[in-house]
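Examination of the molecular architecture
If you want the building blocks of each chain, they are given just below.
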Amino acid sequence: MRRGEVVAGTRTALVTGASKGIGRCYALQLAELGYNVLMVSLTISDLAKTATEVAKVNNKVWVRYLCKDMATMTAAEELFAWTEQEGIKIDVLINNAQASASGVTLADHTTEQFDLAVYSGLYATFYYMKACYPYLKESKGSVINFASGAGLFGNYGQCAYAAAKEGIRGLSRVAATEW
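Our subject in this report is the structure included herewith. All of these numbers come straight from a predicted model, not from anything done at the bench.

Turning next to the overall build of the protein. What the protein contains, in helices and strands, is six helices and five strands. Starting at the N terminus and walking to the C terminus, you meet the elements of the protein as β-α-β-α-β-α-β-α-β-α-α. Its C-alpha atoms give the protein a radius of gyration of 16 Å, within 12% of the compact-globule value 16 Å for 179 residues. Across its three principal directions, the C-alpha atoms of the protein cover 55 × 40 × 30 Å. Residues classed as buried in the protein amount to 45% of the 179 residues present. Restricting to contacts in the protein with at least 6 residues of sequence separation, those with at least 24 account for 67%.

Spelled out as structure tokens, the structure:
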């Protein structure tokens, strides 16, 4: 087997924000490619729907609902302790999760709205990368972090989202150099 080649059921991807949108698409596509998929999300009803779809493609799917304080090192460590207990080895980490108060101008943005974007995006990405690193090092795995053009172009009403995504872009560059 060549590096990067997938044999059905032998590699596992963890997808954050897997309940809808890009995360949902990644979960489905990875299942079609033969990956086992661990899906995490804050939206339990959408997560259950997506998990049902993924299970139709590949029956090795795990679902973990995360409470609103998912962006803590403790939450990430607990998730990876659970994967270890279950014998799940992570080969790919996809940091897609992001919440924000889009459409709110910089002048009207509250600290709480800013925190929502920074904690659900930048901090969650940092924590998941840090907690997953030992597994990825062992498997010679990969990390895919999502940034956005919102930071590059300064999209109206997306100050916190843009700041978080630009932070993720910088964090990804550092990880690429160090790892």
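This part is about a nonpolar patch on the surface. Side chains of Tyr119, Tyr123 and Phe126 sit close together on the surface and give an oily, nonpolar patch of about 260 Å² of accessible area. By the secondary structure assignment, Tyr123 is in helix α4 (residues 111–139).

Between its first and last C-alpha, helix α6 (residues 159–178) extends 29 Å over 20 residues, near the 28 Å set by a 1.5 Å rise per residue. Taken together, the buried positions of α6 are Cys159, Ala160, Tyr161, Ala162, Ala164, Lys165, Ile168, Arg169 and Ala175. Buried-residue contacts for α6 involve α4, β5 (142–145) and α5 (149–153).

Conventions adopted
Residues numbered from 1 in each chain as written. Predicted model: local features only at pLDDT ≥ 70, side-chain atom pairs only at ≥ 80, totals over all residues. Heavy atoms only, no water. Helix = DSSP H or I, 4+ residues; strand = E, 2+ residues; numbered from the N terminus. Rg over C-alpha atoms; globule rule 2.2 N^0.38 Å. Buried < 20%, exposed > 50% of the residue type's maximum accessible area, 1.4 Å probe, protein only. Contact = heavy atoms within 4.5 Å. Patch = residues over 30% accessible without salt bridge, like charges linked within 9 Å, V, L, I, M, F, W, Y side chains within 5 Å. Areas by Shrake-Rupley, 256 points an atom, 1.4 Å probe, with all protein chains shown as cover. Salt bridge = Lys/Arg side-chain N within 4 Å of Asp/Glu carboxyl O. Expected span 1.5 Å × (residues − 1).

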